[in-house]
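Analysis of the macromolecular model
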Amino acid sequence: MKTTTADRMTDLLERSRRVMPGGVSSPVRAFGAVPGDPPIVARGEGAFVVDVDGNRYHDLVGSWGPLILGHAHPAVVEAVERAARNGLTFGATCPGEVELAERVLERYSFADRVRFVSSGTEAVMSAVRLARGATGRDRIVKFDGCYHGHSDGLLVKAGSGLVTFGTPNSAGVPEAIAALTDVLPLDDSEAAEALFAEKGSEIACVLIEPMPANNGLLPQRLEFLRRLRELTREHGALLLFDEVISGLRVAPGGMVERTGIEPDLVTLGKIIGGGMPVGAYLATAELMDQVAPLGPVYQAGTLSGNPLAMAAGLATLAELDESGVYDGLDRLGARLASGWSAALERHGIPAEVVRVGSVLWLSLQEGEAPRRAADIRPEAAELYGRIHARMLADGVWMAPSAFEVAFLSTAHTEADVDAIVAAFDRALSTD
Ligand SMILES: Cc1ncc(COP(=O)(O)O)c(C=O)c1O
């Protein structure tokens, strides 16, 4: 019997739910916070994804950030194919690894050395271990709404993935581990000062997404980030900028470049792997040489520095080196933001489009866009859910959560952006 394509989607959805929790390998993909079923994706082409039924969608998810060049960019695919022909993994240093390390460090000149791992989670987890090892202190500080991957001590008030499912913290994290993490509100220097006054000598590091993008997009005031730098210095704690999203996205040197603030540690992921599984942490030689094999802080990985991932990262960085890339992304972002803003205004919906370059977020509430997770009103999620469903039916794939951002890529054209804006306008029109 011939299977129709529509059968294929239903069949795969059913089977996925039988064999994988929620049918997914990462929770937010399950569409738990928006109506409808998640389409199963067959392929990506530039600025589009195509599902197994052949439906084509303008993609605003970009695999959650890595795909700054869009899907299946020819230079990246070619680099990966070439690397694959030479072997998939060696468990030994490869030339691409050395080159990618050099290219990354050129962009983050405060740092001398980088260690590659296989995910953003691993990067931050390892960087925290290094901070603890180097300072001999146990406490860490994070901010409400910032996500730093799913290692135990960082799954405390950790943004979208948890907020989407209504749980600030994860089960399974021992109280003793969570107790070593202090959580502060963003945009609140006084709260940070008070915490340092009380526990400053016990704090190994302060972690922050310098452009918080995991619980809405909550750009921070420069003075606040500077104050964190001062406080950490005064108290002998390290400052970790988690740039897994913002690194290479908002500028070649990420938020370090944009703010001019030098942290002690930076974590990267997503874009540096060009769509392959990569994470990295970087710092000065003094700090990084505390990592094994030179120092006492142990960290290792079978597939770390994988040659395919290094090739994808190098090809991506080479494309980003072309002149005008970031200006082009910024122009596209501005076009999308102004189109969305105009549509919201036309339909009388109080909202603000928050944007940093090619990263956008719909703050669907009255008044100034929030700078703290606690100021995001949960009612926005219902309206977002309706918009999401209508956009998807109209061929635009937005993140399936009101708390997640939209990413543009160099594969998006002005015409794509205009089509996305037109679909948004239609989504707001429908009753
Ligand atoms: C800022 C930040 N840090 C860490 C991570 C974890 O990265 P990964 O999903 O690759 O483990 C993410 C993932 O979205 C992130 O946005």
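Please refer to the structure higher up on the page.
We now turn to the structure provided with this report. (Residues numbered from 1 in each chain as written. Predicted model: local features only at pLDDT ≥ 70, side-chain atom pairs only at ≥ 80, totals over all residues. Heavy atoms only, no water.)

1. Quick look at the site of the ligand
As a matter of local geometry, the ligand sits amid Ser119, Gly120, Thr121, Tyr147, His148, Gly149, Glu209, Asn214, Asp242, Val244, Ile245 and Lys270. Note that an oxygen atom of the ligand is positioned 2.6 Å from one of the side-chain N or O atoms of Thr121. Note that an oxygen atom of the ligand is positioned 2.8 Å from one of the side-chain N or O atoms of Asn214. Taken by itself the ligand offers 390 Å² of open surface, and the protein chains cover 82% of this. In the shell around the ligand, the residues fall into three nonpolar, six polar and three charged. (Near = heavy atom within 4 Å. Polar contact = N/O pair within 3.5 Å; in protein donor to acceptor, adjacent residues only side chain to side chain. Areas by Shrake-Rupley, 256 points an atom, 1.4 Å probe, with all protein chains shown as cover. Nonpolar A, V, L, I, M, F, W, Y, C, P; charged D, E, K, R; others polar.)

2. Observations concerning the pattern of salt bridges
Per the counting criterion, the structure on display carries 23 salt bridges. Note that Glu45 is salt-bridged to Arg56, the shortest N-O span being 2.4 Å. Of this pair, Glu45 sits in strand β1 (residues 41-45) while Arg56 sits in strand β3 (residues 56-59); the two residues are eleven residues apart in sequence, bridging distant segments of the chain. Of the residues examined, Glu45 reaches a relative accessible area of 30% and is grouped as partly exposed. One salt bridge connects Arg355 with Asp330, and the closest N-O pair in it is separated by 2.9 Å. Here the residue Arg355 occupies a position in strand β11 (residues 352-356), and Asp330 occupies one in helix α12 (residues 325-346), the gap between them amounting to 25 residues. For Asp330, a relative accessible area of 34% translates into the label partly exposed. Here the salt bridges do not stand alone but share partners, grouping Glu193, Arg227, Glu230 and Glu234 into one network. (Salt bridge = Lys/Arg side-chain N within 4 Å of Asp/Glu carboxyl O. Helix = DSSP H or I, 4+ residues; strand = E, 2+ residues; numbered from the N terminus. Buried < 20%, exposed > 50% of the residue type's maximum accessible area, 1.4 Å probe, protein only.)

3. A few points about the packing of aromatic side chains
For any two aromatic rings, the description comes down to two numbers: the centre-to-centre distance and the angle of the planes. Under the criterion given, the structure shown has four aromatic pairs. Consider the rings of Phe143 and Phe224, whose centres lie 5.8 Å apart with planes at 85°: the pair is edge-to-face. One end of the pair, Phe143, is in strand β5 (residues 139-143); the other, Phe224, is in helix α8 (residues 222-234), and 81 residues separate them in sequence. Under the relative-accessibility criterion, Phe143 is labelled buried at 0%. With a relative accessible area of 0%, Phe224 lands in the buried category. (Phe/Tyr/Trp six-rings, centres within 6.5 Å; stacked < 30°, edge-to-face > 60°.)

Interpretation note: all reported values are geometric properties and have no functional meaning in isolation.
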